[in-house]
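Analysis of the macromolecular model
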Protein chains: 2
Amino acid sequence: MTGDRNSAVCVLGTGLIGGSVLRAAVATGYRAWAYNRSDVGARAARADGFDVGTDIAAVLTRAAEHDALIVLSVPMPAIDTVLSDVRTFAPDCALTDVVSVKKPVHEAVHRQELGAHYVGGHPMAGTAESGWNASSADLFRGAAWAVGVDPGTRAEPWTRVARLALDCGAVVVPVLAAEHDRAVARISHLPHVLAETLAVAGAAGGDLALGLAAGSFRDGTRVAATAPDLVRAICEPNAAALTEALDDALRLLESARDSLRSDGTLGELIDAGYSERDRYDTLRRWDITDIRPGDENWLERLAAAGQRGGVLRTLD
Amino acid sequence: MTGDRNSAVCVLGTGLIGGSVLRAAVATGYRAWAYNRSDVGARAARADGFDVGTDIAAVLTRAAEHDALIVLSVPMPAIDTVLSDVRTFAPDCALTDVVSVKKPVHEAVHRQELGAHYVGGHPMAGTAESGWNASSADLFRGAAWAVGVDPGTRAEPWTRVARLALDCGAVVVPVLAAEHDRAVARISHLPHVLAETLAVAGAAGGDLALGLAAGSFRDGTRVAATAPDLVRAICEPNAAALTEALDDALRLLESARDSLRSDGTLGELIDAGYSERDRYDTLRRWDITDIRPGDENWLERLAAAGQRGGVLRTLD
């Protein structure tokens, strides 16, 4: 752990991501405990030695007493209910979340008048598995962890959230909520929709086609093995940005299809795709070293740096 | 090797697939040699101890002398040229290919009047890498290897081709050329086009989006790292079937997009994709044990069995 003050962390929801935050926080020296709605999940976590209860009032009262950083780790559809409990039992705690969209959470937080202590977060890690049993203290090692820099964000909770992300082994990507949502629509939600599409269009070829399927189909449909409710909870709250990304994908595919039909070639798509995959493969994150939380215009400067691919690897 | 008669194999083209056939054939006891157009590729193979020349006349004359099974392992655009050499120097040899489409090769073979000895083939294996240096004797282990059963196919060359596939560690999927091409359009060529689309639509989010990209984007774009000329050579000769698969994918995506725009949900796609990925994951190949090459109606019976997901694991 990189700091010893405010080292209490309260995780709400011990699924894959929340469970991994709990494990990683404990592993790096935080005092961390959690709430989970289902008794089965809570018992599984307790059996592994973690402090997890099913009484949200008790869990949040403890957070208020210890000035804990609260980490919302429930799916988007459950956010309003949980925020209402936070407002009742721990309204002055620093608050972050690990939900896959940021604008809807930001809005929900402000509806509950919890905005003063809130900093949005999103660790870019996951597996096709879900639930406590898939969680791991190492899930975030080397991952990007988006941390919100929207106007009005305060330096003290921001530093706590960024520190937790770094302590979990991630690098911090500072980002505005709306820009985050447009970005993840393209690199996380669109991949899900394309994987589902490939699974359906592929299987339409019957057992012969599925029996001939090799690496390209297996990898291209991997995330279609994610539980459908989870996929919907991830993608649908980002409808506007995802619609835009789908429009782009449809234009590219239609153009390739039309070109294939008219002149037997896939047109520009293949060179463009190769070149952009190469850009991804060779992308080098650069380190933001000259902006400290609380500096003049720190939020605007961090947002601009994040937009250009900058990351924070330390707060010292 | 499962038989000792007709154990000579002549591979034309020592890229990823041809090179792997050469390596696997030698490893399992065949007398095998090869031709490669580029001297660089031939020298790399010779440096690894393989018998590879750049004089196609000499290589094919030797094939004729030893009654070798010729394996065409060049990209579709080079097939006509190589077939014309086969017709000149080794017109009576058993002939197969490892090209990713079967109807266009079948037609080219018949244009050269080489159909009497021809059996189409397609091992379903590959990597994003290409060339001799990516080849491996183990590439086909556990893979499906499509072997053609179109009307007119003769039992003797069919058995030799199926035996080579089995000796390389693959299972044999008997299939008609047109059915093969429709199937691979869905589970091999469509994945390529969707991967290229995702790479372009994802990178349109800029360095911020690419920096946030994690497993779903990485896996969904993996095959976009394949050399563009190779992707075109694989996909474009299958234009008709690929257009049909793209039409299906476009319908699914448009429906999801329209649903997202009108009611904020992805509609039926997510459940359908999950269910079809599960069907793929749980697909069990069953063994064809009661049909021998040369039996009455063996071609029709093998085609029907392959269509229902049957495979051959032995010829004995």
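Residues numbered from 1 in each chain as written. Chains lettered and ligands numbered in written order. Predicted model: local features only at pLDDT ≥ 70, side-chain atom pairs only at ≥ 80, totals over all residues. Heavy atoms only, no water.

As annotated in an unreviewed UniProt entry, chain A is Prephenate dehydrogenase from Nocardia vermiculata. On record in UniProt, under Sequence similarities (unreviewed entry), the comment for chain A is "Belongs to the prephenate/arogenate dehydrogenase family." (UniProt positions renumbered as here; feature names shortened; annotations may be inferred.)

When helices and strands are tallied, chain A shows 13 helices and 11 strands. For chain A, the C-alpha atoms occupy an extent of roughly 70 × 50 × 35 Å along the three principal directions. Residue burial in chain A is summarised as follows: out of 316 residues, 59% are buried. Restricting the contact set of chain A to residue pairs at least 6 apart, pairs at least 24 apart contribute 69%. (Helix = DSSP H or I, 4+ residues; strand = E, 2+ residues; numbered from the N terminus. Buried < 20%, exposed > 50% of the residue type's maximum accessible area, 1.4 Å probe, protein only. Contact = heavy atoms within 4.5 Å.)

Here the focus is the confidence of the model for chain A. Per-residue confidence for chain A gives a mean pLDDT of 95, with 97% of residues at or over 70. Predicted complex metrics record ipTM = 0.92 and pTM = 0.91. (pLDDT = per-residue confidence, 0-100.)

Residue and element names in this part refer to chain A. Read across the open sheet, the 6 strands follow the order S3-S2-S1-S4-S5-S6; overall the sheet is parallel. For this open sheet the edge positions go to strand S3 (52-53) and strand S6 (118-119), each flanked by a neighbour on one side alone. Relative to strand S5 (residues 95-97), strand S4 (residues 69-72) runs parallel, the two being bridged by 3 bridges. Of the residues in S5, the one forming a bridge with Val71 is Thr96. Taken strand by strand, helix H3 (residues 56-65) contacts strand S1 (8-12), strand S2 (31-35), S3 and S4, and its axis lies near 155° from that of S2. (Pairing = 2+ DSSP bridges. Axes fitted to C-alpha atoms, helices over the stretch in contact; angles between N-to-C directions.)

Residue and element names in this part refer to chain A. Examined at the domain level, chain A breaks down into domain 1 (8-175 + 284-311) and domain 2 (181-282). Counting residues at the interface gives 13 residues for domain 1 and 14 residues for domain 2. Where domain 1 meets domain 2, there are 4 residue pairs in polar contact (both at pLDDT 80 or more). Of the residues in the side of domain 1 that touches domain 2, the class split is 7 nonpolar, 3 polar and 3 charged. (Domains from an automatic or database assignment. Polar contact = N/O pair within 3.5 Å; in protein donor to acceptor, adjacent residues only side chain to side chain. Nonpolar A, V, L, I, M, F, W, Y, C, P; charged D, E, K, R; others polar.)

Before going further, it helps to spend a moment on the interface of chain B and chain A. Interface size is commonly expressed as the accessible surface area that is lost when the partners come together. Contact residues are listed per partner, giving 84 residues for chain B and 84 residues for chain A. A buried area of about 8100 Å², summed over both sides, lies between chain B and chain A, and 70% of it is on carbon and sulfur atoms. Viewed at the interface, chain A and chain B are joined by 10 salt bridges. Residue A:Asp247 pairs with B:Arg257 through a salt bridge whose shortest N-O separation is 2.5 Å. If you look at where chain B meets chain A, you find 28 residue pairs in polar contact (both at pLDDT 80 or more). (Buried area = accessible area lost by both parts, 1.4 Å probe. Salt bridge = Lys/Arg side-chain N within 4 Å of Asp/Glu carboxyl O.)

The next thing to look at is helix H13 (residues 298-307) of chain A. Residues of H13(A) that are buried: A:Trp298, A:Leu299, A:Leu302, A:Ala303, A:Ala305 and A:Gly306. Buried positions in H13(A), seen along its axis, are confined to an arc of 165° and lie on one side of it. Considering only its buried residues, H13(A) is in contact with helix H6 (155-167), strand S9 (171-175), strand S10 (286-287) and strand S11 (310-311) of chain A together with helix H8 (206-212) of chain B. Where H13(A) terminates, the next one or two residues include A:Gly309, which has phi positive at roughly 90°. (Arc of directions from axis to C-beta.)

Residues and elements named next belong to chain B. Pairing is parallel across the open sheet formed by 6 strands, whose spatial order is S3-S2-S1-S4-S5-S6. What marks the edges here is a single partner per strand, and that holds for strand S3 (52-53) and strand S6 (118-119). Note that strand S2 (residues 31-35) and S3 share 2 bridges and pair parallel. Directly across from Tyr35, in S3, lies its bridge partner Gly53. Across the sheet, helix H6 (residues 155-167) is in contact with strand S1 (8-12), strand S4 (69-72), strand S5 (95-97) and S6; its angle to S4 comes to roughly 65°.

All names here are of chain A. Inspection of every chain in the model, using the stated rule, returns 8 aromatic pairs over all chains. On the basis of an interplanar angle of 55° and a centroid distance of 5.1 Å, the ring pair of Phe140 and Trp145 is categorised as tilted. Classification of Phe140 by relative accessible area gives buried; the value is 0%. A centroid spacing of 5.7 Å and a plane angle of 80° characterise the contact between Trp158 and Trp298, whose relative ring orientation is edge-to-face. Of this pair, Trp158 sits in helix H6 while Trp298 sits in helix H13, placing them 140 residues apart in sequence. Neither residue differs from the other here; Trp158 and Trp298 are each classed as buried. Taking the ring centre of Trp33 as reference, the NZ or CZ of Arg62 above it sits at 4.2 Å. (Phe/Tyr/Trp six-rings, centres within 6.5 Å; stacked < 30°, edge-to-face > 60°. Lys NZ or Arg CZ within 6 Å of the ring centre and 35° of its normal.)

All right, on to the relation of the copies chain B and chain A then. Overlaying chain B with chain A gives an RMSD of 0.0 Å, the required rotation being 180° about an axis along which the chain moves by 0.0 Å. Both copies of the chain, as the preceding transformation shows, are related through a two-fold rotation axis. No C-alpha of chain B lies nearer the rotation axis than that of B:Gly220, which sits 2.4 Å from it. (Least-squares fit on C-alpha atoms with pLDDT ≥ 70 in both.)

What follows is about the packing of helix H11 (residues 239-263) of chain A against helix H7 (residues 177-203) of chain B. Running from N to C, H11(A) and H7(B) point in directions that differ by 135°, and their axes come no closer than 9 Å. Judged on the interaxial angle alone, H7(B) and H11(A) are oblique. As H11(A) packs across H7(B), the resulting crossing turns out to be right-handed. On H7(B), the residues that touch A:Ala249, A:Leu252 and A:Leu253 of H11(A) are B:Val193, B:Leu194, B:Thr197, B:Val200 and B:Ala201. A class-by-class count of the residues in the contact of H11(A) with H7(B) yields 7 nonpolar, 1 polar and no charged. (Parallel < 35°, antiparallel > 145°, perpendicular 65-115°, else oblique. Left-handed = near helix turned anticlockwise from the far one by under 90°.)

All names here are of chain A. Taken N-terminus to C-terminus, the directions of helix H7 (residues 177-203) and helix H10 (residues 228-235) make an angle of 140°; their axes are 10 Å apart at the nearest point. Relative to H10, the element H7 lies oblique. The two elements H7 and H10 cross, and the hand of that crossing is left-handed. Of the residues in H10, those in contact with His189, His192 and Glu196 of H7 are Val231, Ile234 and Cys235. Across the contact of H7 with H10, the residue classes tally to 3 nonpolar, 2 polar and 1 charged.

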